[in-house]
Amino acid sequence: MKKLVAVAAIAGLMGSTAAFADAGADLAKAKNCLACHAVDKKVVGPAYKEVAAKYKGDKTAEAKLAEKIIKGGSGAWGSMPMPPNPQVSAAEAKTLVAWVLSQK
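Calculation rules
- Residues numbered from 1 in each chain as written.
- Predicted model: local features only at pLDDT ≥ 70, side-chain atom pairs only at ≥ 80, totals over all residues.
- Heavy atoms only, no water.
- Phe/Tyr/Trp six-rings, centres within 6.5 Å; stacked < 30°, edge-to-face > 60°.
- Helix = DSSP H or I, 4+ residues; strand = E, 2+ residues; numbered from the N terminus.
- Buried < 20%, exposed > 50% of the residue type's maximum accessible area, 1.4 Å probe, protein only.
- 1 Å grid on protein atoms, 1.4 Å probe; cavity = no way out; pocket = protein on both sides within 12 Å on 5 of 7 lines; lining within 4 Å.
- Points joined across faces, edges and corners; volume = space filled by probe spheres on them.
- Nonpolar A, V, L, I, M, F, W, Y, C, P; charged D, E, K, R; others polar.
- Contact = heavy atoms within 4.5 Å.

Engineer: Can you lay out the packing of aromatic side chains for me, pointing to particular residues and giving the numbers?
Structural biologist: Throughout the structure, instances matching the rule amount to 1 aromatic pair. Where Tyr48 meets Trp99, the ring centres are 5.3 Å apart and the plane angle is 70 degrees; that geometry is what we call edge-to-face. Here the residue Tyr48 occupies a position in helix H2 (residues 48-55), and Trp99 occupies one in helix H4 (residues 90-101), the gap between them amounting to 51 residues. With a relative accessible area of 6%, Tyr48 lands in the buried category.

Set out below in structure tokens:
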């Protein structure tokens, strides 16, 4: 019985992870992030996998990147600035950052 409960719990977590991944990807599409970024290759901005690798282990990355999504920024990846995205809410930015940082 315990094994069945454990398997059900793991399946539930996997379903949540898939839903989270879909939500992040869907939000990136909806907010037009994919016009300048891709998961695994540089477009105008860096690949999300590069961003995840650069900020791996950085405890301040989530807040820093969420602010950069909303306010824009420059210098972290070369001379091309990232424009501000005021249409992205703080909650949406947090979801986007979590999804980006989960890329491997």
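Engineer: Pulling in residues and values, what's your account of the layout of surface pockets?
Structural biologist: Taken as a whole, the largest pocket encloses approximately 640 Å³ of empty space. Lining of the largest pocket is provided by 30 residues; of these, His37, Gly45, Pro46, Lys68 and Met82 occupy positions nearest its centre. For the lining of the largest pocket, the secondary structure elements donating two or more residues are H2, helix H3 (61-71) and H4. Each residue belonging to the lining of the largest pocket can be placed in one class, and the counts come to 19 nonpolar, 7 polar and 4 charged. Approximately 190 Å³ is the volume found for the second largest pocket. If you go around the second largest pocket, the residues you meet are Lys49, Ala52, Ala53, Tyr55, Lys56, Gly57, Asp58, Ala61, Leu101, Ser102, Gln103 and Lys104. In terms of residue class, the lining of the second largest pocket is built from 5 nonpolar, 3 polar and 4 charged.

Engineer: Explain the environment of Ala28 to me, using residue names and the numbers behind them.
Structural biologist: Assignment of secondary structure puts Ala28 in helix H1 (residues 2-30). In this structure Ala28 comes out as buried when scored by relative accessible area, which is 0%. C-alpha of Ala28 to C-alpha of Leu96: the two residues are 68 residues apart in sequence and 6.8 Å apart in space. Dropping the residues within four chain positions of it, Ala28 is found in contact with Cys33, Leu34, Leu96 and Trp99.

The values are spatial; any link to function lies outside them.
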